[in-house]
Amino acid sequence: MRDLTELIRLKEQLEEKEKENIRYYEALKYFNENKNKTDFIGQSPAIFQIKSLIEQVSQTDATVLITGETGVGKEVIASEVYKNSSRKDQPFIKVNCAAIPESLLESELFGYERGAFTGAQQKEKLGLFELANRGTLLLDEIGEMPIKLQSKLLRCLQEKEITRVGGTRPIKIDVRVIAATNQNILKQIKEGLFREDLYYRLNVIPIKIPPLRDRKDDIYLLLHYFLEKFNKRYNKQKKIDPETADFLTTYHWPGNVRELENTIERLVIISENQYINVDQVILTLGDESTSNKLSQHSTFSLKEAVEKVEKELIYNALKKHGSTHKAAKVLGVTQPTVVRKAKTLGITEW
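For clarity, every value in this text was computed on a predicted model and none was experimentally measured.

(A) Representation of helix α15 (residues 324–331) within the structure. Burial in α15 covers these residues: T324, A327, A328 and L331. Down the axis of α15, the sector holding all buried residues measures 100°, keeping them to one side. Along α15, exposed side chains directed more than 90 degrees from the buried face belong to H325, K326 and K329.

Right, dumping it as structure tokens:
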């Protein structure tokens, strides 16, 4: 009779190390194959589907509506559509509809005639639609566009012409429009905040980007992509150990890809050691719930803080999915690892 606990633990460590090596070499292969091709990183089923859709629609002039949470990469998708289109050598102009005051948005988009209103320059001003002629115009945060301006945009899309503020002469334009929003447009329509006819005019080709927490296969690729990017930018040689990579793939990323990118940049800058570890990640993450937990238990050591976060993640996964096998799949670790950690952390029922 022999106690096999230590042998099982060593076997699990070897399996996890082998799994990490496979993931690393797959990521390296992916980056070598896609080097200098695109900033649109990912190989999850959802991202493959979006890439396929981009290939199909890029060569058309159909209007595209990109939706998704803040930080998922809507502008990156819009750039991919543009770069793969027949208009790639023409202007690509981006406008954030939420960043321009309502009183100025109409004149910014459509331009104005000389002396059209008080404060206007004594010469005509070209709007963004005219500047983007024969090219592509990205209307970001389209859900924030004032309702009274939406009718003018609808006419522009339908008639392929604009009329400047203070003008009477219609001007023909040839612009491919891409719109993006993090709003629920259908809900806005019910609330009278968005025109239904404009929505259907924009929604010819819908592209919905899932949040990062729903495509965990991409987190590993993205974190290594950003690690390489910021190592080059700041002349560093930082690395991420396997435990930290696993932790990053199980974090829920409320800020999506943008939050992941900002986190990796901060870690590359402030990390004193070559290897970035879980302790540094927890202290660096700007996640409100994680920060609150740590601040409420400021007497915890870093090791205790890590164990507390691990315990909560594993318990929530077990409670939600009901089995160690399903929880392991969601958390991106092996089933024996979940069993071992649950036992170590005192999780006996859920």
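(B) Representation of the pairing of strand β1 (residues 64–67) in the model. Burial along β1 is two-sided: V64 and I66 and L65 and T67, pointing in opposite directions, are all buried. With four bridges joining them, β1 and strand β6 (residues 176–181) adopt parallel strand pairing. In the strand pairing of β6, L65 is matched with A179.

(C) Spatial organisation of unusual backbone geometry. The phi torsion at W253 lies on the positive side, around 45°, for a residue other than glycine. In this fold, W253 is placed in the loop between α10 (242–250) and α11 (256–270). Located in the positive-phi region is N256, a residue other than glycine, with phi close to 60°. Counting through the fold element by element, N256 comes out in helix α11. Exposure remark for N256: the relative accessible area of 0% places this residue in the buried category.

(D) Just the side chain of T163, in detail. One can find T163 in the loop between β4 (161–162) and β5 (171–172). Overall, T163 belongs to the buried group, its relative accessible area being 18%. Not counting the four nearest positions on each side in its chain, T163 is found in contact with F110, K152, R155, T168, R169 and P170.

(E) Here's a closer look at the packing of helix α9 (residues 217–234) against α10. As a packed pair, α9 and α10 sit with axes 9 Å apart at the nearest point and diverge in direction by 125°. One way to sum up the angle between α9 and α10 is to call them oblique. Crossing hand, α9 versus α10: right-handed. In this structure, α9 contributes I219, Y220 and L223 to the contact, and α10 contributes A245, L248 and T249. Residues that form the contact of α9 with α10 fall into these classes: five nonpolar, one polar and no charged.

What counts and how
- Numbers given for residues are sequential positions, taken from 1 along each chain in its written order.
- Only residues with pLDDT of 70 or above have their local features reported here, since the model is predicted, and side-chain atom pairs are shown and tallied only from 80 upward, although totals for entire chains, interfaces and linings are computed over all residues.
- In computing side-chain values, all of the structure's heavy atoms are included and hydrogens and water are not.
- Three labels apply to residues, based on accessible area from a 1.4 Å probe with only protein chains included: buried if under 20% of the type maximum, exposed if over 50%, partly exposed otherwise in between.
- For the purposes of this entry, the term helix denotes a DSSP run of H or I that reaches at least four residues, the term strand denotes a run of E that reaches at least two, and both are numbered from the N terminus.
- What the arc describes is the spread of directions from the helix axis to the C-beta atoms.
- Paired strands, in this sense, are two strands between which DSSP finds at least two bridges.
- Residue contacts follow a heavy-atom distance rule, with two residues in contact if any of their heavy atoms lie within 4.5 Å.
- Angles here are taken between N-to-C directions and fall from 0 to 180 degrees, while the axes themselves are lines fitted to C-alpha atoms, restricted in helices to the stretch in contact.
- Should an angle fall under 35 degrees it is taken as roughly parallel, and over 145 as roughly antiparallel, whereas 65 to 115 is taken as roughly perpendicular and any remaining angle as oblique.
- In this scheme the handedness of a crossing depends on how the near helix is turned from the far one: anticlockwise by less than a right angle means left-handed, clockwise means right-handed.
- Nonpolar residues are Ala, Val, Leu, Ile, Met, Phe, Trp, Tyr, Cys and Pro. Charged residues are Asp, Glu, Lys and Arg, and all others, Gly as well, are polar.

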